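Structural characterization, general
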Amino acid sequence: MLYWFFVKGLGPIAHHRLSPAVSGLNNVPREGGAIIAANHLAVIDDALIPITCPRMVHFMGKAEYFEGKGLKGKFKKWWFTSVGVFPVDRSGGSKSLGALKHAREIIEDGHLFGIHIEGTRSPDGRLYKGHTGAARLALETGCPIVPTAIIGSDKLQPIGTSIPKKGKTKVLYGKPIEVAKKPADEITHDDLRSLTDRVSTAIQKMSPRLKTEGASFKSHTMVRVMTVGLPLASRRRILPPLERSVSPLFTVRTVPNRPPSTLSVFTSNPRPSSVL
């Protein structure tokens, strides 16, 4: 595996171009399995963590990176495999379970596993509701989760950009969240959601921008439940002039002369449910 060759060989170039300011390295466990759970702003996030973390971090990568044809496809597969990335089918369900099993083995073998808790890149630089895959891995293995905030990478590499601009970024490693191991059949949805929201909140608090623009993750869930089953077309027909944004995830509009519980919710970045 060529992980350290690339980190040590190409790392100085990445440092010069991305200028990552790092804090909290003492929060990264010196040994044993752990999860580095970060937000996701740009493709270069997967370079920022390896060049700033003192230990090797294994990541998942979308399966398409490993399925390309021809010389270019073979090179991409070799590259990602060499730097510790393994494939995951992001369609969710049973297709993602194999990747979770591999991630669990990495943690149980005493290594670091990195995951972007939102599941995909943020479209606007704000923190979105986390998927529960990291929480499940932590509960099944009893390993700590290190909440990690990446700041500024979206400014250097906006969505659709291949080569990042030269500029400054930050990588902040937060205090580990200790997790008690539980049998897989005893882990509840509430366990997963609660732990995921703790991690998201910890990431949010490390970034002033996320903190000022975001709302509590508990309110996200409450709003979603209140409107479940209401067709999008119906919601659009009852939209009032009054509108207020209560979180990066949802825009909530109240209906005049209706009970306060009558809400219309729109997801600014809709994604299918997934275990990751």
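Residues numbered from 1 in each chain as written. Predicted model: local features only at pLDDT ≥ 70, side-chain atom pairs only at ≥ 80, totals over all residues. Heavy atoms only, no water.

1. Comments concerning helix H1 (residues 3-18)
Just so we agree on the cut-off: The numbering of helices and of strands both runs from the N terminus, where a helix is a DSSP run of H or I of at least 4 residues and a strand a run of E of at least 2. By this rule the span expected of a helix is its residue count minus one, scaled by 1.5 Å. Values of bend correspond, residue by residue, to the angle between axes fitted over the seven residues ending at that residue and the seven starting there. Exposure categories follow from relative accessible area, calculated using a 1.4 Å probe and restricted to protein chains: below 20% of the type maximum is buried, above 50% is exposed, and the middle band is partly exposed. It only takes one pair of heavy atoms within 4.5 Å for two residues to be counted as in contact.
Here H1 is 16 residues long, yet its end C-alpha atoms lie only 19 Å apart, well below the 22 Å a rise of 1.5 Å per residue gives. Considering bend angle alone, the principal kink of H1 is centred on glycine 11 and spans about 50°; proline proline 12 follows within four residues of it. If you check which residues of H1 are buried, you get Tyr3, Phe6, Val7, Gly11, Ala14 and Leu18. Each element contacted by the buried residues of H1 is listed here: strand S1 (20-23), helix H2 (45-52), strand S3 (57-62), helix H3 (70-82), helix H6 (153-156) and strand S7 (169-173). Downstream of H1 by a residue or two, serine 19 has a phi angle that is positive, lying close to 45°.

2. Some words on the confidence of the model for the protein
The line we're drawing: Scored from 0 to 100, pLDDT reflects the predictor's confidence in each residue.
When pLDDT is averaged across the protein, the result is 78; 72% of the residues are at 70 or more. Contacts for the low-pLDDT stretch residues 212-229, under 50 throughout, to residues beyond four places or in other chains number 33 contacts. The low-confidence segment residues 235-276, where pLDDT is below 50, has 89 contacts with residues more than four positions distant or belonging to other chains.

3. Observations regarding the nonpolar core
Stated formally: We define a nonpolar core as any set of buried Ala, Val, Leu, Ile, Met, Phe, Trp, Tyr and Cys residues linked to one another through side-chain atoms lying within 4.5 Å.
The biggest cluster of nonpolar side chains holds 30 residues, and the ones touching the most others in it are Ile35, Met60, Phe113, Ile145 and Leu195. Mapped onto this core, the elements with two or more residues apiece are strand S2 (34-38), strand S4 (85-88), helix H4 (94-108), strand S5 (112-116), helix H5 (133-141), strand S6 (145-151) and helix H7 (189-206). Excluding anything up to four places from it in sequence, leucine 195 contacts Ala135, Ala138, Leu139, Ile145, Ile177 and Val179. Counting 28 residues, the second largest nonpolar core, distinct from the first, contains Ala14, Cys53, Val85 and Val146.

4. Digging into the sheet that holds S3
This is how the line gets drawn: Criterion used throughout: strands pair if DSSP finds at least two bridges between them. Orientation is described by axes fitted as lines to C-alpha atoms, over the contacting stretch for helices, and by angles from 0 to 180 degrees between their N-to-C directions.
Taken together, 7 strands build an open sheet; the order of strands is S1-S7-S6-S2-S5-S3-S4 and the sheet is mixed. Of all strands in the sheet, those with a lone pairing partner are S1 and S4, marking the two edges. Across the sheet, the mean angle separating the axes of adjacent strands is 25° when strand polarity is ignored. Direction of pairing for S1 relative to S7: parallel, over a ladder of 4 bridges. For serine 23, the partnering residue across the bridge sits in S7 and is leucine 172. Those strands touched by H7 are S2, S6 and S7, and its axis lies near 40° from that of S6.

5. A word on the packing of aromatic side chains
Put simply, the rule is: Working definition: a ring pair exists when centres of Phe, Tyr or Trp rings (six-membered ring for Trp) sit within 6.5 Å. Plane angles under 30 degrees give stacked, over 60 give edge-to-face, the rest tilted.
In this structure the tally under the stated criterion is 5 aromatic pairs. Taken together, a centroid distance of 5.0 Å and an interplanar angle of 85° make the contact between tyrosine 3 and tryptophan 4 edge-to-face. Centroid distance phenylalanine 75 to tryptophan 78: 5.7 Å. Interplanar angle 40°. Geometry classified as tilted. Of this pair, phenylalanine 75 and tryptophan 78 both sit in helix H3, 3 residues apart, roughly one helical turn. Taken together, the aromatic side chains of Phe5, Phe6, Phe75 and Trp78 make up a single cluster linked through ring pairs.

6. Details of the pattern of salt bridges
Just so we agree on the cut-off: Each salt bridge in this description consists of a side-chain nitrogen of Lys or Arg and a carboxyl oxygen of Asp or Glu lying within 4 Å of one another.
Across all of its chains, the model carries 5 salt bridges by this definition. A salt bridge links arginine 126 to aspartate 124; the nearest nitrogen and oxygen atoms lie 2.9 Å apart. Residue classification places aspartate 124 among the partly exposed residues on the basis of a relative accessible area of 27%. With a shortest N-O distance of 3.2 Å, aspartate 197 and arginine 193 are connected by a salt bridge. Highlighted residues: aspartate 197 and arginine 193, both in helix H7, separated by 4 residues, approximately one helical turn. Like arginine 193, aspartate 197 is buried. The network of salt bridges with shared partners includes Arg104, Arg136 and Glu140.

7. As for the environment of phenylalanine 86
Here phenylalanine 86 lies in strand S4. Judged by its relative accessible area of 8%, phenylalanine 86 is buried. Along the backbone, phenylalanine 86 and alanine 103 are 17 residues apart, and their C-alpha atoms lie at a distance of 9.0 Å.

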